[in-house]
Amino acid sequence: MKIIKAKDYEDMSRKAANIISAQVILKPDCVLGLATGSTPIGAYKQLADWYKKGDIDFSEVSTYNLDEYRGLSHDDPQSYHYFMRENFFDHINVDLNNTHVPDGSNPDAAAACSEYDRIVAAAGYPDLQLLGIGNNGHIGFNEPDDHFSKGTHCVDLTESTIQANSRLFDSIDDVPRQAYTMGTQTIMYARMILVVANGEAKAQAVHDMCYGPVTPECPASILQLHTNCVVVADEAALSLCE
Ligand code: PGA
């Protein structure tokens, strides 16, 4: 695991965007695994900026997002599909046909999840997987558990995740209770993993991810076993790692 310390959120975002940009420049038709949440928004903005300046071309890139709320359609403003368009896809020249998010609108969880596994495998898995980390150490929506998950599956969100995500909804009752998420094993198939984290609230999770025991109680801890994992975090998120 390589840990890169950033001064603050801006610096973290720029460093992460530089790494993603390098991937796209080195392999224009690369497969990017993407993440939602507040943390990657700055990196997406930076990449969109560089696209506008003519520095990056996303026309051959394909993308696979980690997760989606179960029960939300693509055009629901709270869906991750919508989030990706609003925060990234609508500002770059990626072909929307090459962007993929699990189909939250499919109530048949087994069908939605196995179809997502099929298309991620057919794409050859991400060259680079971008990840945020939850306060409880989750990656994607792989919540603390007694085992590591494998393929895409339907999860019940933990109270701590529902609480953390409620800031984006009118009320906590509106937060969906389930999601479809890529499994931990699938995440580990990515050839490079880039974790972004900022703020003090992430400090314990970042510490446990980097230095704690490898345990499904902190799903991100499995990244210690990945051969090409980079963590870009600000000083506050790294404050327990000194
Ligand atoms: P956040 O979420 O970026 O909104 O903090 C990260 C995550 O839950 O994976």
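Predicted model, so just to flag it, every value in this text is computed and none were measured.

Calculation criteria
Residues numbered from 1 in each chain as written. Predicted model: local features only at pLDDT ≥ 70, side-chain atom pairs only at ≥ 80, totals over all residues. Heavy atoms only, no water. Near = heavy atom within 4 Å. Polar contact = N/O pair within 3.5 Å; in protein donor to acceptor, adjacent residues only side chain to side chain. Areas by Shrake-Rupley, 256 points an atom, 1.4 Å probe, with all protein chains shown as cover. 1 Å grid on protein atoms, 1.4 Å probe; cavity = no way out; pocket = protein on both sides within 12 Å on 5 of 7 lines; lining within 4 Å. Sits in = over half its atoms within 2 Å of the grid points. Nonpolar A, V, L, I, M, F, W, Y, C, P; charged D, E, K, R; others polar. Pairing = 2+ DSSP bridges. Helix = DSSP H or I, 4+ residues; strand = E, 2+ residues; numbered from the N terminus. Buried < 20%, exposed > 50% of the residue type's maximum accessible area, 1.4 Å probe, protein only.

**Overview of the site of the ligand**
And step 1. Close to the ligand lie Gly-37, Ser-38, Thr-39, Gly-132, Ile-133, Gly-134, His-138, Arg-167 and Lys-202.
And step 2. Between the ligand and Ser-38 there is a distance of 2.8 Å, counted from an oxygen atom to a backbone nitrogen or oxygen.
And step 3. At 2.6 Å, a side-chain N or O of His-138 approaches an oxygen atom of the ligand.
And step 4. When the ligand sits alone it has 280 Å² of accessible area, and the protein chains cover 83% of it.
And step 5. Judged by its atoms lying within 2 Å of the grid points, the ligand is housed in the largest pocket.
And step 6. Among the residues making up the shell around the ligand, the classes are represented as one nonpolar, six polar and two charged.

**Structural notes on the sheet that holds strand S9 (residues 193-197)**
Across a sheet, strands are paired by hydrogen bonds formed along the backbone, either parallel or antiparallel in direction.
And step 1. Reading across from one edge, S1-S10-S9-S6-S2-S3-S5 is the order of the seven strands in this open sheet, with parallel pairing throughout. One side of each edge strand has no neighbouring strand; the edge strands of this open sheet are strand S1 (2-6) and strand S5 (99-100).
And step 2. Sheet topology places strand S3 (residues 62-65) next to S5; two bridges connect them, and they run parallel. Residue Tyr-64 lies in a different strand from S5, and its bridge partner there is His-100.

**Section: the pairing of strand S6 (residues 128-131)**
And step 1. Neither face of S6 is exposed, since Leu-128 and Leu-130 on one face and Gln-129 and Leu-131 on the opposite face are all buried.
And step 2. Taken together, the two bridges between strand S2 (residues 31-34) and S6 define a ladder with parallel strand orientation. The residue of S6 that forms the bridge with Gly-33 is Gln-129.
And step 3. Both S6 and S9 contribute to a ladder of three bridges, which runs parallel. Across the sheet, residue Leu-130 finds its bridge partner in S9, namely Leu-194.

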